[in-house]
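Remarks on the overall topology
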Amino acid sequence: MITLINTFFPIILGGTTILIILMLPFYFIRKKRNPDDEKNTIIRLVVLAFLTMTIFVLIFGSGLIMMYFDDLRR
């Protein structure tokens, strides 16, 4: 299990960083248009980017995960 975590965690962190950098202009545009919006926060942007990358990495890595658990059963 540690092998999967060591494999996926750097991908998740790197993807989250790239996604945050790509979404920052949209954050500032929304902040400028509606400064009173409580949902438009940096923390929310970071959390949603992390969740999105985690879901995508787990979906794309599902074959690797299945092979790992199949090898454990044998």
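In this report, we go over the structure that sits alongside the text.

Quick notes on the overall build of the protein chain
The helix and strand inventory of the protein chain stands at three helices and zero strands. Starting at the N terminus and ending at the C terminus, the protein chain contains elements arranged as α-α-α. Its C-alpha atoms give the protein chain a radius of gyration of 17 Å, clearly above 11 Å, the size a compact globule of 74 residues would have. Taking the principal axes of its C-alpha atoms as reference, the protein chain extends roughly 60 × 15 × 15 Å. Expressed as a percentage of the 74 residues in the protein chain, the buried residues total 20%. Pairs at least 24 apart in sequence give 71% of the contacts found in the protein chain among residues at least 6 apart. When the accessible surface of the protein chain is summed, it comes to about 5900 Å², and 73% of that surface belongs to carbon and sulfur atoms.

Quick word on the packing of aromatic side chains
Scanning the entire structure with this criterion turns up three aromatic pairs. Judged by centre distance (5.0 Å) and plane angle (70°), the rings of tyrosine 27 and phenylalanine 28 are edge-to-face. Arranged with centres 6.0 Å apart and planes meeting at 20°, the rings of phenylalanine 56 and phenylalanine 60 form a pair that is stacked. With a gap of four residues between them, phenylalanine 56 and phenylalanine 60 both fall in helix α2 (residues 42-60), about one helical turn apart.

Cut-off values and rules
Residues numbered from 1 in each chain as written. Predicted model: local features only at pLDDT ≥ 70, side-chain atom pairs only at ≥ 80, totals over all residues. Heavy atoms only, no water. Helix = DSSP H or I, 4+ residues; strand = E, 2+ residues; numbered from the N terminus. Rg over C-alpha atoms; globule rule 2.2 N^0.38 Å. Buried < 20%, exposed > 50% of the residue type's maximum accessible area, 1.4 Å probe, protein only. Contact = heavy atoms within 4.5 Å. Areas by Shrake-Rupley, 256 points an atom, 1.4 Å probe, with all protein chains shown as cover. Phe/Tyr/Trp six-rings, centres within 6.5 Å; stacked < 30°, edge-to-face > 60°.

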